[in-house]
Amino acid sequence: MTLAILPLLRLLGSNRNGAIVAFGGTIIVKTSGADMDHVDIVDAVYQAAVRSELWPDTLCAIVDYVGAVAGNIVYQAPDGRGSFLIPGRMREDLNALYLQHYTGNPYARAFEKVRPGEIAVGNKLIDAKAVRHSAFYADICEPQNIFNQLFLPHASLHERGGIGGVALFLSRQQDEHAAEAAARLERLSPHMARAIDLSFQVNRIASAPELPQRLIDAIADAAVLIDSRGAVLLLNAAAETLLKQADGIFLSRSERPSLAAHISKTSTRLANAIRKALLIADGEDTRFDGALSISRPSGLPPYLVMITPLAPTAVSIWDAVDSGARVLIHIVDPEAKTRRQAQQLQHIFGLTEAETRVAALVGSGMNLPEIARVLGISSNTVKTHTGRCFGKTGARHSSAMSENDIPPRVTPPVFPDRLRNDGWWLTEAGWPRETASEGSPINMLIVIEKRHLPEEHQWTQPTAANRAVPAWASVSSTPC
């Protein structure tokens, strides 16, 4: 039977021996496989291919048709991760026990050498008498009346060191007719191979619409997917939180929700950038600058918005799979980024809350007196926390940290992001200057000891007067 005539069977129903009956769009597979002929079984196999929830019942029908007590579709990954077992008339508790402890049993090791498409009779490949005295036989086989196994390896499962395919289990009585059972399974083998591959493809396509959401959820910063009409398609949790704050950028209330900015000129720039990105996503060759800043009424550092066109799909049918996403928008909040970096610093080096606040403010470019004023503590306390930070991070104490020394200079953002032999940096931060253009951040790597740093690689440190301090670093419920 070919896939081409399956729609006809679904329409008319296949009532031969009462095997498959269709009522509207509902298909009922009766599992009395002993009463089903080859055509009925093949039809059931392809029904399971497109509706994976039918596989357990279909396996039960195959078990009866072949003359076995149970069966499964199994995949055993080399490292155990990704292994699965679809049972047909098998004990659920023993399936879990098998995957946990017995995937390396003698049958499985013997079946690794069988080529896909061949039918293997287990007891011909192993020392069956020895196996019957093993814990595997006592825990898995004997409770399920399994005396022998037939195995049909599947090509896409039986590779990269793993083992997978269709296994049917025979009782001692059924083993007397193992040759007939193997012959019936061999007749089904090409259909089983095609149906398993088709089942994988159907499940992959069915789960594909969830993939974009999983991908943007993995992004720490706010991420937004835009469809071909410029409307918002998907948001991750960070984007939902950021847009609800409506601090400079928000979600417009319209029939097709879209991104907008509070400042009209910025909103126009954002809309034009998205429009150009959509043109590029459609294959047009146009000049495109995919980054802009958005000022915030709260006075906090501006958002950095990065707009990325997504490559056009090669085949139009996959438009249904990728949910029509055409542009990815990444919204970076510099303050939130600095907060995460401080938290990471605290977690990696075991800093206290007080030490973390001091380290973050050092990383923002402040000297010791400025930090003392912001936190409302003495310079001696700041020195103590700074010294502990040096001790925990393994950095060398430097005279540049002294309140009487010239404040440390900072390197441009193009400077290598690594520990220098002639200096040490804590973190990256972005703060607005009063004299800077709207929304332009100052990215800084703080170099504490800089005696060998070339002058052309140095910037003058911003003063406290034109540098903002994040609220999370300057306000605390616990004393330093």
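If you're wondering where the values come from, they're calculated on a predicted model, not measured in any experiment. (Residues numbered from 1 in each chain as written. Predicted model: local features only at pLDDT ≥ 70, side-chain atom pairs only at ≥ 80, totals over all residues. Heavy atoms only, no water.)

Visitor: Please clarify how the overall build of the chain should be interpreted in this entry.
Guide: Each helix and strand counted, the chain has 16 helices and 17 strands in total. By the burial criterion, 46% of the 480 residues in the chain qualify as buried. Long-range contacts, defined as pairs at least 24 residues apart, comprise 61% of the intrachain contacts of the chain with a sequence gap of at least 6. By element, 54% of the accessible surface of the chain is carried by carbon and sulfur atoms, the whole surface being about 24500 Å². (Helix = DSSP H or I, 4+ residues; strand = E, 2+ residues; numbered from the N terminus. Buried < 20%, exposed > 50% of the residue type's maximum accessible area, 1.4 Å probe, protein only. Contact = heavy atoms within 4.5 Å. Areas by Shrake-Rupley, 256 points an atom, 1.4 Å probe, with all protein chains shown as cover.)

Visitor: In this structure, what is going on with the packing of aromatic side chains? I would like to understand it.
Guide: To describe a pair of aromatic rings, one takes the distance between the centres and the angle between the planes. This model, assessed by the stated rule, comprises six aromatic pairs. Aromatic side chains Tyr-98 and Phe-136 sit 6.5 Å apart centroid to centroid with 55° between the ring planes, which places their arrangement in the tilted category. Of this pair, Tyr-98 sits in helix H4 (residues 92-101) while Phe-136 sits in helix H7 (residues 135-141), and the two are 38 residues apart along the sequence. Side by side, Tyr-98 and Phe-136 carry an identical accessibility label, which is buried. Here Tyr-107 and Phe-111 contribute two aromatic rings whose centre-to-centre distance is 6.3 Å and whose plane-to-plane angle is 35°, an arrangement assigned as tilted. Note that Tyr-107 and Phe-111 are positioned in helix H5 (residues 106-111) at a spacing of four residues, about one turn of the helix. A residue is classified by how much of its surface remains accessible, and Tyr-107, at 2% relative accessible area, is buried. The class for Phe-111 is buried, based on a relative accessible area of 3%. (Phe/Tyr/Trp six-rings, centres within 6.5 Å; stacked < 30°, edge-to-face > 60°.)

Visitor: Explain the side chain of Asp-227 here, please?
Guide: Position of Asp-227 among the secondary structure elements: in strand S8 (residues 222-227). For Asp-227, a relative accessible area of 10% corresponds to the buried category. Polar contacts involving the side chain of Asp-227 include one to the main-chain amide nitrogen of Arg-229, which spans 3.0 Å. (Polar contact = N/O pair within 3.5 Å; in protein donor to acceptor, adjacent residues only side chain to side chain.)

Visitor: It is not clear to me how the pattern of salt bridges should be interpreted in this structure. Could you clarify?
Guide: Two side chains carrying opposite charge are able to pair once their charged atoms lie near each other. Under the counting rule described, the total for this entry stands at eight salt bridges. Between Arg-91 and Asp-93 there is a salt bridge whose closest N-O contact spans 2.9 Å. The salt bridge partner of Glu-355 is Lys-392, with a shortest N-O separation of 2.8 Å. Of the two residues, Glu-355 is situated in helix H13 (residues 353-363) and Lys-392 in helix H15 (residues 379-393); the sequence distance between them amounts to 37 residues. Of the residues examined, Glu-355 reaches a relative accessible area of 2% and is grouped as buried. When its relative accessible area of 36% is taken as the criterion, Lys-392 is described as partly exposed. Here the salt bridges do not stand alone but share partners, grouping Asp-247, Arg-296 and Asp-333 into one network. (Salt bridge = Lys/Arg side-chain N within 4 Å of Asp/Glu carboxyl O.)

Visitor: So what exactly am I meant to see when it comes to the sheet that holds strand S7 (residues 163-170) here?
Guide: Note: strands within a sheet are paired through backbone hydrogen bonds, in either parallel or antiparallel orientation. Taken in spatial order, the five strands make up an open sheet running S4-S3-S7-S6-S5, and their pairing is antiparallel. Each of the sheet's edge strands pairs with one partner strand only, and the pair in question is strand S4 (84-88) and strand S5 (120-121). Pairing of strand S6 (residues 148-153) with S7, which is carried by six bridges, proceeds in the antiparallel orientation. Across the sheet, residue Leu-150 finds its bridge partner in S7, namely Leu-168. Along the sheet face, helix H3 (residues 55-66) touches strand S3 (70-76), S4, S6 and S7 and points at about 55° away from the line of S4. (Pairing = 2+ DSSP bridges. Axes fitted to C-alpha atoms, helices over the stretch in contact; angles between N-to-C directions.)

Visitor: When you look at helix H14 (residues 368-375) in this model, what are you seeing that I'm missing?
Guide: Helical geometry: 3.6 residues make up each α-helical turn, so side chains three or four residues apart lie on a common side. Buried residues of H14: Leu-368, Glu-370, Ile-371, Ala-372 and Leu-375, and no others. For H14, the side-chain oxygen to backbone nitrogen distance between the N-cap and Glu-370 is 3.1 Å, and the N-cap itself is Asn-367. Gly-376 occupies a position one or two residues after H14 and carries a positive phi of about 70°.

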